[in-house]
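As a plain string of letters, each chain reads:
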Amino acid sequence: MEPQLTHSAADGVATVVIRNPAKRNAMTAGMWRALPPLLDTLAADPDVRVLVLTGAGGTFCAGADISTLQGSPEEAQRLAVLAEDTLAAFPKPTLAAVRGHCVGGGAQLAAACDLRFAEEGALFGVTPAKLGLVYPASSTRRLAALVGPATAKYLLFSGELIDTERALRTGFLDEVLPGGELDKRVAEFTRVLTSRSRLTQAAAKEFANGSTDRDAYWAEQARDGGEAAEGVAAFLERRRPDFSWTGPASST
(Lines give C-alpha, C1' and ligand atoms only; values in the text may rest on other atoms or scores of the structure.)
Protein backbone atom coordinates (compact mmCIF):
# COMPACT_ATOMS: atom_id res chain seq x y z
CA MET A 1 0.00 0.00 0.00
CA GLU A 2 1.25 3.47 -0.89
CA PRO A 3 1.77 5.85 2.04
CA GLN A 4 -1.40 7.87 2.40
CA LEU A 5 -3.94 9.52 4.65
CA THR A 6 -7.42 8.04 4.52
CA HIS A 7 -10.56 9.41 6.10
CA SER A 8 -14.14 8.51 6.82
CA ALA A 9 -17.06 10.22 8.54
CA ALA A 10 -20.07 8.87 10.41
CA ASP A 11 -22.43 10.28 13.03
CA GLY A 12 -20.64 13.62 13.19
CA VAL A 13 -17.16 12.12 13.69
CA ALA A 14 -14.48 12.30 11.00
CA THR A 15 -11.60 9.86 11.37
CA VAL A 16 -8.27 10.47 9.64
CA VAL A 17 -5.94 7.47 9.49
CA ILE A 18 -2.18 7.65 8.93
CA ARG A 19 -1.19 4.71 6.69
CA ASN A 20 2.41 3.81 5.88
CA PRO A 21 2.72 0.25 7.20
CA ALA A 22 6.16 -0.37 5.68
CA LYS A 23 7.60 2.38 7.91
CA ARG A 24 5.40 2.23 11.02
CA ASN A 25 3.15 4.97 9.63
CA ALA A 26 5.98 7.48 9.18
CA MET A 27 4.82 10.66 7.45
CA THR A 28 6.17 11.20 3.94
CA ALA A 29 6.43 14.63 2.33
CA GLY A 30 3.32 13.83 0.32
CA MET A 31 1.40 12.96 3.46
CA TRP A 32 2.48 16.17 5.19
CA ARG A 33 1.32 18.12 2.12
CA ALA A 34 -2.00 16.28 1.99
CA LEU A 35 -3.00 16.89 5.60
CA PRO A 36 -3.76 20.67 5.57
CA PRO A 37 -6.19 20.61 2.61
CA LEU A 38 -7.87 17.51 4.03
CA LEU A 39 -8.33 19.25 7.37
CA ASP A 40 -9.67 22.37 5.65
CA THR A 41 -12.27 20.25 3.84
CA LEU A 42 -13.36 18.54 7.05
CA ALA A 43 -13.45 21.84 8.95
CA ALA A 44 -15.83 23.27 6.35
CA ASP A 45 -18.18 20.28 6.51
CA PRO A 46 -21.09 21.18 8.83
CA ASP A 47 -21.80 17.51 9.44
CA VAL A 48 -18.36 17.00 11.01
CA ARG A 49 -18.51 17.74 14.72
CA VAL A 50 -15.34 16.00 15.96
CA LEU A 51 -12.06 14.89 14.36
CA VAL A 52 -10.20 11.73 15.40
CA LEU A 53 -6.61 11.22 14.23
CA THR A 54 -5.15 7.73 14.47
CA GLY A 55 -2.72 5.33 12.83
CA ALA A 56 -3.37 2.15 10.91
CA GLY A 57 -2.69 -1.12 12.67
CA GLY A 58 -0.78 -1.11 15.92
CA THR A 59 1.17 2.13 15.50
CA PHE A 60 0.13 5.78 15.61
CA CYS A 61 3.05 7.37 13.77
CA ALA A 62 6.78 6.73 14.07
CA GLY A 63 7.61 10.27 12.92
CA ALA A 64 8.68 11.81 9.66
CA ASP A 65 10.06 9.50 7.00
CA ILE A 66 13.80 10.09 7.53
CA SER A 67 14.46 9.81 3.79
CA THR A 68 12.60 13.12 3.37
CA LEU A 69 15.34 14.83 5.40
CA GLN A 70 18.14 13.94 2.99
CA GLY A 71 17.33 16.63 0.46
CA SER A 72 16.19 19.66 2.42
CA PRO A 73 15.61 19.28 6.16
CA GLU A 74 14.29 22.84 6.25
CA GLU A 75 11.59 22.11 3.67
CA ALA A 76 10.63 18.86 5.41
CA GLN A 77 10.29 20.74 8.69
CA ARG A 78 8.27 23.50 7.05
CA LEU A 79 5.76 20.94 5.73
CA ALA A 80 5.47 19.30 9.15
CA VAL A 81 4.93 22.62 10.94
CA LEU A 82 2.26 23.69 8.44
CA ALA A 83 0.40 20.41 8.97
CA GLU A 84 0.77 20.67 12.75
CA ASP A 85 -0.43 24.28 12.82
CA THR A 86 -3.42 23.48 10.61
CA LEU A 87 -4.38 20.64 12.93
CA ALA A 88 -4.00 22.87 16.01
CA ALA A 89 -6.22 25.51 14.35
CA PHE A 90 -8.97 23.02 13.43
CA PRO A 91 -12.10 24.76 14.77
CA LYS A 92 -13.76 21.66 16.22
CA PRO A 93 -12.66 19.23 18.95
CA THR A 94 -9.80 16.94 17.91
CA LEU A 95 -8.68 13.72 19.54
CA ALA A 96 -5.58 11.60 18.88
CA ALA A 97 -6.20 7.88 19.40
CA VAL A 98 -2.77 6.36 19.97
CA ARG A 99 -1.43 2.83 19.82
CA GLY A 100 2.20 1.82 19.68
CA HIS A 101 4.83 4.38 18.78
CA CYS A 102 3.95 8.09 18.78
CA VAL A 103 7.35 9.58 18.06
CA GLY A 104 8.87 12.64 16.38
CA GLY A 105 6.39 13.99 13.86
CA GLY A 106 3.79 11.66 15.33
CA ALA A 107 4.19 13.32 18.70
CA GLN A 108 3.93 16.71 16.97
CA LEU A 109 0.58 15.73 15.49
CA ALA A 110 -0.70 14.26 18.75
CA ALA A 111 0.33 17.39 20.66
CA ALA A 112 -1.54 19.53 18.14
CA CYS A 113 -4.79 17.72 18.94
CA ASP A 114 -7.02 18.92 21.76
CA LEU A 115 -7.10 15.54 23.51
CA ARG A 116 -5.01 12.36 23.47
CA PHE A 117 -6.23 8.88 24.44
CA ALA A 118 -3.81 5.97 24.30
CA GLU A 119 -3.73 2.24 24.69
CA GLU A 120 -1.46 0.78 27.36
CA GLY A 121 1.95 -0.01 25.92
CA ALA A 122 2.15 3.07 23.70
CA LEU A 123 5.46 4.96 23.64
CA PHE A 124 6.07 8.66 23.16
CA GLY A 125 9.16 10.61 22.20
CA VAL A 126 10.42 13.82 20.61
CA THR A 127 13.66 12.97 18.86
CA PRO A 128 15.35 15.92 17.05
CA ALA A 129 18.43 15.61 19.29
CA LYS A 130 19.11 12.21 17.71
CA LEU A 131 19.32 13.85 14.28
CA GLY A 132 20.90 17.19 15.13
CA LEU A 133 17.77 19.14 14.22
CA VAL A 134 16.45 22.28 15.88
CA TYR A 135 12.89 21.54 16.89
CA PRO A 136 10.53 24.22 15.51
CA ALA A 137 9.84 27.12 17.86
CA SER A 138 6.05 26.76 17.58
CA SER A 139 6.24 23.01 18.21
CA THR A 140 8.51 23.52 21.23
CA ARG A 141 6.15 26.09 22.73
CA ARG A 142 3.14 23.86 22.14
CA LEU A 143 4.88 20.91 23.79
CA ALA A 144 5.99 23.01 26.78
CA ALA A 145 2.48 24.39 27.22
CA LEU A 146 1.14 20.84 27.24
CA VAL A 147 3.59 19.04 29.54
CA GLY A 148 5.47 21.89 31.24
CA PRO A 149 8.99 23.18 30.57
CA ALA A 150 10.77 20.49 32.61
CA THR A 151 9.23 17.53 30.79
CA ALA A 152 9.58 19.29 27.42
CA LYS A 153 13.29 19.73 28.10
CA TYR A 154 13.63 16.10 29.19
CA LEU A 155 12.05 14.92 25.95
CA LEU A 156 13.90 17.34 23.68
CA PHE A 157 17.31 17.08 25.34
CA SER A 158 17.36 13.29 25.47
CA GLY A 159 15.15 11.98 22.69
CA GLU A 160 14.21 9.19 25.10
CA LEU A 161 10.83 7.47 24.90
CA ILE A 162 8.36 7.58 27.76
CA ASP A 163 5.55 5.13 28.52
CA THR A 164 1.85 5.77 28.95
CA GLU A 165 2.12 6.07 32.73
CA ARG A 166 4.60 8.92 32.53
CA ALA A 167 2.80 10.51 29.58
CA LEU A 168 -0.42 10.54 31.60
CA ARG A 169 1.29 11.89 34.70
CA THR A 170 2.97 14.74 32.83
CA GLY A 171 -0.16 15.78 30.98
CA PHE A 172 0.68 14.56 27.50
CA LEU A 173 -2.19 12.06 27.71
CA ASP A 174 -5.74 12.54 28.94
CA GLU A 175 -6.68 8.86 29.26
CA VAL A 176 -4.96 5.48 29.09
CA LEU A 177 -7.04 2.44 28.15
CA PRO A 178 -6.38 -1.28 28.57
CA GLY A 179 -5.54 -3.26 25.46
CA GLY A 180 -8.54 -3.65 23.19
CA GLU A 181 -10.53 -0.83 24.83
CA LEU A 182 -9.28 2.22 22.93
CA ASP A 183 -11.73 2.17 20.01
CA LYS A 184 -14.69 1.61 22.32
CA ARG A 185 -13.71 4.50 24.58
CA VAL A 186 -13.03 6.85 21.67
CA ALA A 187 -16.43 6.04 20.16
CA GLU A 188 -18.12 6.56 23.53
CA PHE A 189 -16.39 9.87 24.19
CA THR A 190 -16.91 11.29 20.71
CA ARG A 191 -20.63 10.54 21.08
CA VAL A 192 -20.54 12.71 24.19
CA LEU A 193 -18.79 15.50 22.30
CA THR A 194 -21.26 15.46 19.42
CA SER A 195 -24.13 15.85 21.88
CA ARG A 196 -22.75 19.04 23.40
CA SER A 197 -23.02 22.67 22.29
CA ARG A 198 -20.80 23.58 19.35
CA LEU A 199 -20.85 27.16 20.57
CA THR A 200 -19.41 26.20 23.94
CA GLN A 201 -16.77 24.01 22.33
CA ALA A 202 -15.69 26.55 19.70
CA ALA A 203 -15.38 29.40 22.18
CA ALA A 204 -13.64 27.24 24.78
CA LYS A 205 -11.12 26.04 22.22
CA GLU A 206 -10.20 29.58 21.22
CA PHE A 207 -9.93 30.78 24.81
CA ALA A 208 -7.90 27.76 25.93
CA ASN A 209 -5.56 28.20 22.97
CA GLY A 210 -4.80 31.73 24.08
CA SER A 211 -7.09 33.90 21.97
CA THR A 212 -7.43 37.35 23.56
CA ASP A 213 -9.08 39.41 20.81
CA ARG A 214 -12.42 37.67 20.29
CA ASP A 215 -14.14 38.09 23.65
CA ALA A 216 -16.76 40.47 22.23
CA TYR A 217 -17.40 38.19 19.26
CA TRP A 218 -18.11 35.18 21.46
CA ALA A 219 -20.23 37.27 23.81
CA GLU A 220 -22.34 38.25 20.80
CA GLN A 221 -22.61 34.64 19.64
CA ALA A 222 -23.67 33.58 23.13
CA ARG A 223 -26.27 36.34 23.33
CA ASP A 224 -27.78 35.71 19.89
CA GLY A 225 -27.25 31.97 19.49
CA GLY A 226 -29.98 30.73 21.83
CA GLU A 227 -27.84 27.91 23.19
CA ALA A 228 -28.11 28.84 26.86
CA ALA A 229 -31.89 29.17 26.72
CA GLU A 230 -32.18 25.75 25.10
CA GLY A 231 -29.73 24.17 27.54
CA VAL A 232 -31.55 25.50 30.60
CA ALA A 233 -34.97 24.56 29.21
CA ALA A 234 -33.78 21.03 28.42
CA PHE A 235 -32.35 20.66 31.91
CA LEU A 236 -35.57 21.76 33.58
CA GLU A 237 -37.66 19.58 31.27
CA ARG A 238 -35.33 16.62 31.79
CA ARG A 239 -34.71 16.08 28.10
CA ARG A 240 -31.71 16.09 25.82
CA PRO A 241 -30.95 19.59 24.55
CA ASP A 242 -31.31 20.35 20.86
CA PHE A 243 -28.41 22.73 20.34
CA SER A 244 -28.74 24.47 16.98
CA TRP A 245 -25.70 26.78 16.74
CA THR A 246 -23.47 25.64 13.89
CA GLY A 247 -21.25 28.66 13.42
CA PRO A 248 -21.38 32.32 12.42
CA ALA A 249 -23.13 31.53 9.13
CA SER A 250 -26.14 30.23 11.04
CA SER A 251 -26.81 33.66 12.56
CA THR A 252 -26.47 35.75 9.40
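Shown above is the structure to which this text applies.
What counts and what doesn't
Residues numbered from 1 in each chain as written. Predicted model: local features only at pLDDT ≥ 70, side-chain atom pairs only at ≥ 80, totals over all residues. Heavy atoms only, no water. Helix = DSSP H or I, 4+ residues; strand = E, 2+ residues; numbered from the N terminus. Rg over C-alpha atoms; globule rule 2.2 N^0.38 Å. Contact = heavy atoms within 4.5 Å. Areas by Shrake-Rupley, 256 points an atom, 1.4 Å probe, with all protein chains shown as cover. Pairing = 2+ DSSP bridges. Salt bridge = Lys/Arg side-chain N within 4 Å of Asp/Glu carboxyl O. Buried < 20%, exposed > 50% of the residue type's maximum accessible area, 1.4 Å probe, protein only. Phe/Tyr/Trp six-rings, centres within 6.5 Å; stacked < 30°, edge-to-face > 60°. Lys NZ or Arg CZ within 6 Å of the ring centre and 35° of its normal. 1 Å grid on protein atoms, 1.4 Å probe; cavity = no way out; pocket = protein on both sides within 12 Å on 5 of 7 lines; lining within 4 Å. Points joined across faces, edges and corners; volume = space filled by probe spheres on them. Nonpolar A, V, L, I, M, F, W, Y, C, P; charged D, E, K, R; others polar. Expected span 1.5 Å × (residues − 1).

1. So, the overall build of the chain
Part 1 of the argument: When helices and strands are counted, the chain shows ten helices and nine strands.
Part 2 of the argument: Taking 2.2 N^0.38 as the reference for a compact globule, 252 residues should give roughly 18 Å; the C-alpha atoms of the chain span a radius of gyration of 19 Å, in line with that estimate.
Part 3 of the argument: Dimensions of the chain, computed from C-alpha atoms along their principal axes, come out at roughly 60 × 40 × 40 Å.
Part 4 of the argument: A separation threshold of at least 6 residues defines the contact pool for the chain, and within that pool the share at least 24 residues apart is 70%.
Part 5 of the argument: Surface accessibility of the chain: about 12600 Å² in total, with carbon and sulfur atoms responsible for 55%.

2. Topic: the sheet that holds strand β5 (residues 101-103)
Part 1 of the argument: The three strands lie next to each other as β5-β7-β8, forming an open sheet whose pairing is mixed. Each edge of the sheet is formed by a strand with only one pairing partner; in this case those strands are β5 and β8 (162-163).
Part 2 of the argument: Note: strand β7 (residues 123-125) against β8, two bridges, orientation antiparallel. Its bridge partner being in β8, Phe124 is matched across the sheet by Ile162.

3. Concerning the pattern of salt bridges
Close approach of charged atoms lets side chains of opposite charge pair.
Part 1 of the argument: All chains considered together, the criterion is met by 13 salt bridges.
Part 2 of the argument: In this structure, Asp224 and Arg223 form a salt bridge, with 3.5 Å as the shortest nitrogen-oxygen distance. This pair shows no difference in class: Asp224 is exposed, exactly as Arg223 is.
Part 3 of the argument: Residues joined by salt bridges that share partners form a network here, namely Glu84, Asp85 and Arg142.

4. With respect to the packing of aromatic side chains
Part 1 of the argument: Per the counting criterion, the structure on display carries four aromatic pairs.
Part 2 of the argument: Here Tyr217 and Trp218 contribute two aromatic rings whose centre-to-centre distance is 4.8 Å and whose plane-to-plane angle is 75°, an arrangement assigned as edge-to-face.
Part 3 of the argument: A relative accessible area of 21% means that Tyr217 is categorised as partly exposed.
Part 4 of the argument: Here Trp218 and Trp245 contribute two aromatic rings whose centre-to-centre distance is 5.9 Å and whose plane-to-plane angle is 55°, an arrangement assigned as tilted. In this pair, Trp218 sits in helix α9 (residues 215-225) while Trp245 sits in the segment after α10 (227-236), placing the two residues 27 residues apart along the sequence.
Part 5 of the argument: Put simply, the rings of Tyr217, Trp218 and Trp245 pair up and form one aromatic cluster.
Part 6 of the argument: Seen from the ring of Phe172, Arg116 lies directly overhead, with NZ or CZ sitting 5.7 Å from the centre.

5. Here we look at empty space enclosed by the protein
Part 1 of the argument: Across all of its chains, the model carries one cavity of 30 Å³ or more by this definition.
Part 2 of the argument: Volume-wise, the largest cavity comes out at about 40 Å³.
Part 3 of the argument: Forming the boundary of the largest cavity are Glu84, Ala107, Gln108, Ala111, Val126, Tyr135, Ser139, Arg142, Leu143 and Phe172.
Part 4 of the argument: Those elements that provide at least two residues to the lining of the largest cavity are α3 (105-112) and α4 (137-147).
Part 5 of the argument: A class-by-class count of the residues in the lining of the largest cavity yields six nonpolar, two polar and two charged.

6. Looking at helix α2 (residues 73-88)
Part 1 of the argument: With 16 residues, α2 should reach 22 Å at 1.5 Å per residue; the first-to-last C-alpha distance of 22 Å fits that figure.
Part 2 of the argument: Listing the buried residues of α2 in full gives Ala76, Leu79, Ala80, Val81, Ala83, Glu84, Thr86, Leu87 and Ala88.
Part 3 of the argument: Contact partners of the buried residues in α2: α1 (29-44), β3 (50-55), β4 (94-98), α3, α4 and α8 (198-208).

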